[in-house]
Amino acid sequence: MSLTAYLFEIRSIQPFLFASGKLKDMVKGSELIDFLCNEPLKTALTACGLSGYSEPEYSPRCAGGSFYLLIEDMNKAIAFRNLWTLFVSQLLPGIEQIDTIASGDTARMAIERGLKQLRTARNQARHQLPSASPITARSPRTGKASVAWLSGESLDEATSVKRQFNRPLESKNLTSRFSQDQGIKWPINFEADAPKDQRFPLIQGDKVALIHADGNGLGEILRLVNEAAKEKSDAEFISLYRQFSDGLEAATISACQAATNQVLVPHIERGGVIPARPLVLGGDDLTLIVRADLAFEFTEAFTHAFENKTQEFLSDLAQKLPQSSASKLPQKLTVCAGITFMKPSQPFAQCYALTESLCERAKKQSRAIKEREKLNIIPSSLAFHKVQASLIDDADQLFEREMIVKKVGESLKLGLPAYAIGEGFTDLPALAELKKLTYCFKPGLLNDKRLRALATLMHLDPSGAKKEYARWKSLAEKNSHTAQALRDFENTNQKLLGQVDKSLPANLDTNTSVLADLLAYLALTQPWKASNQGVTA
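This is a predicted model, so every value here is computed, not measured.

### Topic: the sheet that holds strand 3 (residues 66–71)
For step 1, the next point in the chain: The four strands lie next to each other as 2-3-1-4, forming an open sheet whose pairing is antiparallel. Of all strands in the sheet, those with a lone pairing partner are strand 2 (61–63) and strand 4 (96–104), marking the two edges. This sheet shows a mean twist of 20° between the axes of neighbouring strands, independent of strand direction.
For step 2, the next point in the chain: The sheet contacts of helix 4 (residues 74–91) involve strand 1 (3–11), strand 3 and strand 4, and relative to strand 4 the element is tilted by about 175°.
For step 3, the next point in the chain: The sheet strands contacting helix 5 (residues 107–121) are strand 1, strand 3 and strand 4, and the helix crosses strand 4 at an angle near 145°.

### Topic: the nonpolar core
For step 1, the next point in the chain: Membership of the largest hydrophobic core comes to 102 residues, with the highest contact counts inside it found for Phe302 and Phe489.
For step 2, the next point in the chain: Residue contributions to this core peak at 12 residues, all from helix 8 (residues 234–264).
For step 3, the next point in the chain: Leave out the neighbours within four places in its chain, and Phe302 touches Ala213, Thr252, Ala255, Cys256, Ala259, Leu286 and Val335.
For step 4, the next point in the chain: In this structure, Met26, Cys48, Tyr53 and Leu91 belong to the second largest nonpolar core, which totals 46 residues.

### Focus: the layout of surface pockets
For step 1, the next point in the chain: By volume, the second largest pocket is sized at about 690 Å³.
For step 2, the next point in the chain: As for the second largest pocket, its lining consists of 24 residues, of which Glu31, Arg167, Asn173, Thr175 and Arg277 are closest to the centre.
For step 3, the next point in the chain: When residues of the lining of the second largest pocket are assigned to their parent elements, the largest contribution, four residues, is made by helix 2 (residues 23–36).
For step 4, the next point in the chain: Looking at side-chain class alone, the lining of the second largest pocket contains seven nonpolar, eight polar and nine charged residues.

Cut-offs applied
Residues numbered from 1 in each chain as written. Predicted model: local features only at pLDDT ≥ 70, side-chain atom pairs only at ≥ 80, totals over all residues. Heavy atoms only, no water. Pairing = 2+ DSSP bridges. Helix = DSSP H or I, 4+ residues; strand = E, 2+ residues; numbered from the N terminus. Axes fitted to C-alpha atoms, helices over the stretch in contact; angles between N-to-C directions. Contact = heavy atoms within 4.5 Å. Core = buried A, V, L, I, M, F, W, Y, C linked by side-chain atoms within 4.5 Å. Buried < 20%, exposed > 50% of the residue type's maximum accessible area, 1.4 Å probe, protein only. 1 Å grid on protein atoms, 1.4 Å probe; cavity = no way out; pocket = protein on both sides within 12 Å on 5 of 7 lines; lining within 4 Å. Points joined across faces, edges and corners; volume = space filled by probe spheres on them. Nonpolar A, V, L, I, M, F, W, Y, C, P; charged D, E, K, R; others polar.

Below, the structure written as structure tokens:
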């Protein structure tokens, strides 16, 4: 008997979330997306006589605003599609939705055909309503057609829906997957005049970090699952696919909870406000805003926990696969992340585009390391940027513009494209080593102000930079404490770069340095750096 597969997913989630630039709209938007595949999906299915079809035996995947359904009746599938797309247009106006219907003799065939059609559908532009004519009033925050006036503000349709949305109390919200503690208050506002129990707690020059993390190697695992399911029944295929989808989701949630408890909970304000706000959590995809000084620590904690949790989940999955497929499964899944450090007043939409680009750059570096060093897995890594002058949403262009000193016949990179999280690799130095460098600048040790002057001179006057660096080292060697800190600085720098030149903190054979990354790390994570006291070099 032929089976019909209905595949649906929402895309361009981040532009939908960040359109107005206000945290409260991002929060409501993220809750709407998280809510979509719960009660709304069940309601629409029931209206089409398909009650229960969101249950695991009919749905190989249901997570993160995407789902696959297997329906015996083609007419019911078409009726559901017509209702559901209209429903989503009203619930999440302006978000990009793509879907397809495919048939096959087996569940696996129907899903495979549907996925091919879905890939084609992703490239087809869809018209967004309502359209804005030349005389249409527009929302000043988004530039889209205005449909409502609320509290003296003109709102487009998507923002208006977000402002009015209140998630049912009995429904588990997005923040509950980061912590089950009901006493924690998650901030919804950056404004200084907002109630204290709603305001995002800020320090370190009022900067926040936008983190986007994405898992590696999922395509290979899905290929193995499909390969293993060729000889299995429809029920076994659906069960296997759902085990993968649910297992990945559970591992990601568990990793988020571990990182939250380890890094965020100890920094809860007196009123119970936690210094973070999750925006997206689905499958292996994570996006959140966190206080700037906690971003590196949270990303590392999440990555280590994700690797450990996926190791358990893949071990369980391997038991359901034939030995030939199970032996090809990686031992664990890894993560690449991008982090943008910004002021809350800066445009979140552009900053997110940069964060996503940074994540992709980290993936590119990790894939290259896997190929070059013939590793079994893609190493976990991250790339970061502190927004200061230019805001360009392409990480490679920004790196070229701000991190490379260009002189006649030579160039010098003042930072690295990415850092390994965890164990360092030959050509992908570990973030832990960069962190070690900062310890050399604790109060009473090395003076980072001279290092900042050195970074400026490396742009303007390379020969003057060498004299400044020699002077900095000479001063450090006059005191036993600072002399030891200098030796630690040089040794750690060598671990990061390989052979380091004595005239500059750089490897002049490869034209690389970590000076800009070190100074950014110091500015973002060390509360004591702004007021170094005692003996300094």
